[in-house]
Amino acid sequence: MANIVVLGAGIGGMPAAYELKEKLGNAHQITVINAVDYFQFVPSNPWIAVGWRERDDITFPIRPYLEKKDIAFIAQRVDKIDAEQNIVHLSNGEQVAYDYLVITTGPRLAFEEVAGSGPEAHTNSICSVDHAVTAYGEYQKFLADPGPAIIGAMPGASCFGPAYEFAFIFNRDLRKRKLRKKVPMTYVTSEPYVGHMGLGGVGDSKGMLESEFRNNDIKWITNAKVTKVEAGIMYVTELDAQGGLVKEHELPFKYSMMLPAFKGVDAVASVEGLCNPRGFVLIDEYQRSKKYHNIFAAGVCVAIPPVEVTPVPTGAPKTGYMIESMVTAIVHNIAADLAGEVADAKGSWNAICLADMGDTGAAFVALPQLPPRNVNWFKKGKWVHLAKIAFEKYFIYKMKKGSSEPIYEKYMLKMLGIEKLDNDK
């Protein structure tokens, strides 16, 4: 009997555990290790930060749902991975041996790369439910004494969608409270233009999002390199397309939410030969480590090159649909390896996303994610806002049910009227 250990229990790790159990049955042991004992649906964090959701709406305890499926669960931080001996060392001193390791840890948030940034300093974050709850507490203080607000993404950021979402949700909530007139808003981003999103744009994302910013009185600064943040002041160097200096900004604010750059979590990044210099796992086309053939990885922790060189560094995002595809490929390949067969499944790195904009929303499909593309599609409408609300409830329901079906493919593609995303069509 092999022990397959899954590190991380987010939107990659939980489905990975369920799919592995469905595929392998009781012939092999599945063990999930997560730093905390609860699942959190991260895409809903922008709603938490303005009070549209509460913590309990998007979290649930992991153990009872995994144990119903006879999947072992350990709620401990991983301190070290001994890839030569196939052992995971936990923060409580426990050691867990594995035959296969599936890394779905997500990122480490690199707030240290911009002095004064992060929830422990002067900017808020929505990258975790804890951060979103803290951001909501700061928002409550802000509402009592409103003023300028800055929302956006730091140099090296790769997940821009939540920043756009939060800008529009924040704007909408202030309008509902009749406070928007007291809050000058600026969107500050490392992207070379509005709507780039780390993807080189999708369809007319540039024109549509610029129009939405104008219609909602949101100013923007692109090619923006935030250099430091002090209490109430953000220092931003604005560059041109060639990387030359345009202007040095000192932007006042009373509230700010800035997404940080990501790095690999320490235990993963420290494994010799496993990761690139930023700690992201180097994988082959079958989601397998290039050095350790019994280690697989999916999601934000995977190394994907930027779609293009930009004046201020930007990374490529990993969307839920892409993560789901990676997970399914890993499950197939581990099962094949256990059966003595060739592991030949590949993740289809396509991007499909629903972004909430307060009372409307935007959906995009990039096929494949890296241009040039066969499909380059971007649409806006209230139906996207409603679809994202429904998807949140559907995903959490399916995780509690222990579903092994591809949730993004089953729900999102049907909603968009697409039967299947295929790079060859």
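Because the structure is a prediction, the values reported are computed rather than measured.

A.B. asks: It is not clear to me how the overall build of the protein chain should be interpreted in this structure. Could you clarify?
C.D. replies: Secondary structure summary: the protein chain contains 11 helices and 22 strands in total. The C-alpha radius of gyration computed for the protein chain amounts to 21 Å, which stays within 12% of the reference 22 Å derived for 425 residues, consistent with globular compactness. The principal-axis extent of the C-alpha atoms belonging to the protein chain is close to 65 × 50 × 45 Å. Each of the 425 residues in the protein chain was classed as buried or not, and the buried ones make up 56%.

A.B. asks: How should I be thinking about the packing of aromatic side chains in this particular structure?
C.D. replies: Pairs of aromatic rings are described using the distance from one ring centre to the other and the angle between the two planes. The full count for this structure, using the stated rule, is 22 aromatic pairs. On the numbers, 5.9 Å between centres and 35 degrees between planes, the contact of Phe213 with Trp220 is tilted. According to the relative accessible area criterion, Trp220 is partly exposed, its value standing at 28%. In this structure an aromatic cluster arises from ring pairing among Phe39, Phe41, Phe60, Tyr65, Phe391, Phe395 and Tyr408. The side chain of Lys228 reaches across the aromatic face of Tyr235, ending 4.7 Å from its centre. It is Lys318 that lies over the ring of Phe280; its NZ or CZ is 4.8 Å from the centre.

A.B. asks: How should the environment of Ile4 be read in this particular structure?
C.D. replies: Tracing the backbone through its elements, the reader meets Ile4 in strand E1 (residues 3–7). Accessibility expressed as a relative area gives 0% for Ile4, which makes it buried. A C-alpha to C-alpha distance of 43 Å links Ile4 and Asp359, two positions 355 residues apart in sequence. For Ile4, the residues in contact, after removing those within four places along its chain, are Leu20, Leu24, His28, Gln29, Ile30, Thr31, Tyr100, Val102 and Ile334.

A.B. asks: Hey, could you run me through unusual backbone geometry in this one?
C.D. replies: Backbone phi values are negative for most residues with the exception of glycine, while trans is the configuration of most peptide bonds. Of note, the phi angle at Met197 is positive, near 60 degrees, even though the residue is not glycine. When you line up the elements, Met197 lands in the loop between strand E12 (185–189) and helix H7 (205–215). A residue is classified by how much of its surface remains accessible, and Met197, at 7% relative accessible area, is buried. Even without being a glycine, Asn223 presents a positive backbone phi close to 50 degrees. With respect to the element layout, Asn223 can be found in the loop between strand E13 (218–221) and strand E14 (224–230).

A.B. asks: Where do I start with the sheet that holds strand E2 (residues 29–34) in this structure?
C.D. replies: The strands that make up a sheet pair up through hydrogen bonds in the backbone, lying either parallel or antiparallel. On the basis of which strands lie adjacent, the open sheet formed by five strands has the order E5-E2-E1-E9-E19 and parallel pairing. Of all strands in the sheet, those bounded by a partner on one side alone are strand E5 (72–75) and strand E19 (295–297). The average undirected angle you get between the axes of adjacent strands in this sheet is 20 degrees. For E2 and E5, the ladder comprises four bridges, and the chain directions are parallel. Across the sheet, residue Asn34 finds its bridge partner in E5, namely Ala75.

A.B. asks: What exactly am I supposed to notice about the packing of helix H6 (residues 161–176) against H7 here?
C.D. replies: The geometry of a pair of packed helices is captured by two quantities: the angle between their axes and the separation between those axes. Close contact between H6 and H7 brings their axes to 12 Å; oriented N to C, the two are set at 25 degrees. Classified by the angle their axes make, H6 and H7 are roughly parallel. Considering how the two elements wind past one another, H6 and H7 form a crossing that is left-handed. In this structure, H6 contributes Tyr164, Phe168 and Arg175 to the contact, and H7 contributes Leu209, Glu212, Phe213 and Asn215.

A.B. asks: How should the sheet that holds strand E22 (residues 375–380) be read in this particular structure?
C.D. replies: Read from one edge of the open sheet, three strands run E20-E21-E22, paired in antiparallel fashion. Each edge of the sheet is formed by a strand with only one pairing partner; in this case those strands are strand E20 (351–356) and E22. The average undirected angle you get between the axes of adjacent strands in this sheet is 5 degrees. Bridging between E20 and strand E21 (residues 361–367) involves six bridges; their strand directions are antiparallel. Bridging across to E21, Ala355 finds its partner in Ala362. Running at roughly 100 degrees to E20, helix H10 (residues 382–401) makes contact with E20, E21 and E22 of the sheet.

Reading the values: rules and limits
Residues numbered from 1 in each chain as written. Predicted model: local features only at pLDDT ≥ 70, side-chain atom pairs only at ≥ 80, totals over all residues. Heavy atoms only, no water. Helix = DSSP H or I, 4+ residues; strand = E, 2+ residues; numbered from the N terminus. Rg over C-alpha atoms; globule rule 2.2 N^0.38 Å. Buried < 20%, exposed > 50% of the residue type's maximum accessible area, 1.4 Å probe, protein only. Phe/Tyr/Trp six-rings, centres within 6.5 Å; stacked < 30°, edge-to-face > 60°. Lys NZ or Arg CZ within 6 Å of the ring centre and 35° of its normal. Contact = heavy atoms within 4.5 Å. Pairing = 2+ DSSP bridges. Axes fitted to C-alpha atoms, helices over the stretch in contact; angles between N-to-C directions. Parallel < 35°, antiparallel > 145°, perpendicular 65-115°, else oblique. Left-handed = near helix turned anticlockwise from the far one by under 90°.

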